[in-house]
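# Observations on the model geometry
One-letter residues, chain by chain:
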Amino acid sequence: MASVLHSSLPLSHHQSVQSISSTSPSNYNNPSASAFIKSDFSRKVPIFCTSRRNCNSFKKDLIICESAASDEVTFLEPPWTKQSKEDLIGSLKLKLLSAVSGLNRGLAASEEDLRKAEAAAKELESAGGVVDLSADLVIDKLQGKWKLIYSSAFSSRTLGGSRPGPPTGRLLPITLGQVFQRIDIFSKDFDNIVELELGAPWPLQPIEVTATLAHKFEIIGTSAIKITFEKTTVKTTGNLSQLPPLDLPRIPDALRPQSRTGSGEFEVTYLDSDTRITRGDRGELRVFVVS
């Protein structure tokens, strides 16, 4: 039977109950059919009754009662209406993935797309509960390489999202490829990996590069992460993959604009073995799947 909701309440506490011969939901969709139950309490039998709420909410509040050897009943949730947390999480994850699919990681998102993605993310965050990265079994799920499938900040049409970055557009010779995060919980390495295609004058072929922005990270509180920038490494791929990687010089902190200090914070609002949602310090919603 399903889990107990209330137990051992006298039958007389109920305003109305209904005897139903079948567990099919189609047999209890008529609130006007309510009648006091006549049941043999000398043995345990499953019966059905409404809660003490108004009969207008009959379908919503219908629960199973299991009679005892007295005039008391135990309330049970209908087995056909119970949805496990795993099933709920799975359906909400599918809803979120559907909301962000086809948006080119957010670069093609309209205002309506942003609202749908935000709503779907909030539903999944609420169902998943608070993330506690201080627990070993939880932080272990951060380990590995994650693929970015959506960022609300990309709707600003810049590769930096809500931060400074080159704008995106058909006239610019920069095409954004896949974006990844590689996290090592043991060394505290946190790398943002961005694949780019740089246009070149005809008849030259575009240049494919991978930029790795290396950071160190630390856990703040229970679910927040602070990352500190260390260096950027650029590596050509494709036809020029034989070239060695190039470490770009770090700009001294004293010469950095205040908006580009090299560090940032974000909160992990949902985390399981294959999906992660984060909220950035500038309001960015990001969705990752394990790569």
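Bear in mind the structure is a predicted one, so any value in this text is a computation, not a measurement.

## Re the pairing of strand β5 (residues 144-151)
Summarising the sheet, β5 and strand β6 (residues 174-184) pair through four bridges and their orientation is antiparallel. Directly across from Trp146, in β6, lies its bridge partner Gln181. Across five bridges, β5 lies against strand β13 (residues 285-290) in antiparallel orientation. Residue pairing across strands places Leu148 opposite Phe288, the latter belonging to β13.

## Some words on helix α3 (residues 111-128)
The terminal C-alpha atoms of α3, which comprises 18 residues, lie 26 Å apart, in line with the 26 Å expected from a rise of 1.5 Å per residue. For α3, the complete set of buried residues consists of Asp113, Leu114, Ala117, Ala120, Ala121, Leu124, Glu125 and Ala127. For α3, the angular spread of buried residues about the axis comes to 165°, placing them on one side. Turned more than 90 degrees from where α3 packs its buried face, Glu111, Arg115 and Ser126 sit exposed. On its buried face, α3 is in contact with α2 (85-100), β5, β11 (263-271), β12 (275-280) and β13. One or two steps after α3, the chain reaches Gly129, where phi turns positive at roughly 85°.

## Some remarks on α2
The terminal C-alpha atoms of α2 lie 23 Å apart, and with 16 residues this matches the ideal 22 Å at 1.5 Å per residue to within 8%. Looking only at α2, the buried set comprises Ile89, Leu92, Lys93, Leu96, Ala99 and Val100. Angular distribution of buried residues about the axis of α2 spans 125°; they occupy a single face of the element. Taken from the residues just after α2, Gly102 is the one with a positive phi, measuring 80°.

Basis of the calculations
Residues numbered from 1 in each chain as written. Predicted model: local features only at pLDDT ≥ 70, side-chain atom pairs only at ≥ 80, totals over all residues. Heavy atoms only, no water. Pairing = 2+ DSSP bridges. Helix = DSSP H or I, 4+ residues; strand = E, 2+ residues; numbered from the N terminus. Expected span 1.5 Å × (residues − 1). Buried < 20%, exposed > 50% of the residue type's maximum accessible area, 1.4 Å probe, protein only. Arc of directions from axis to C-beta. Contact = heavy atoms within 4.5 Å.

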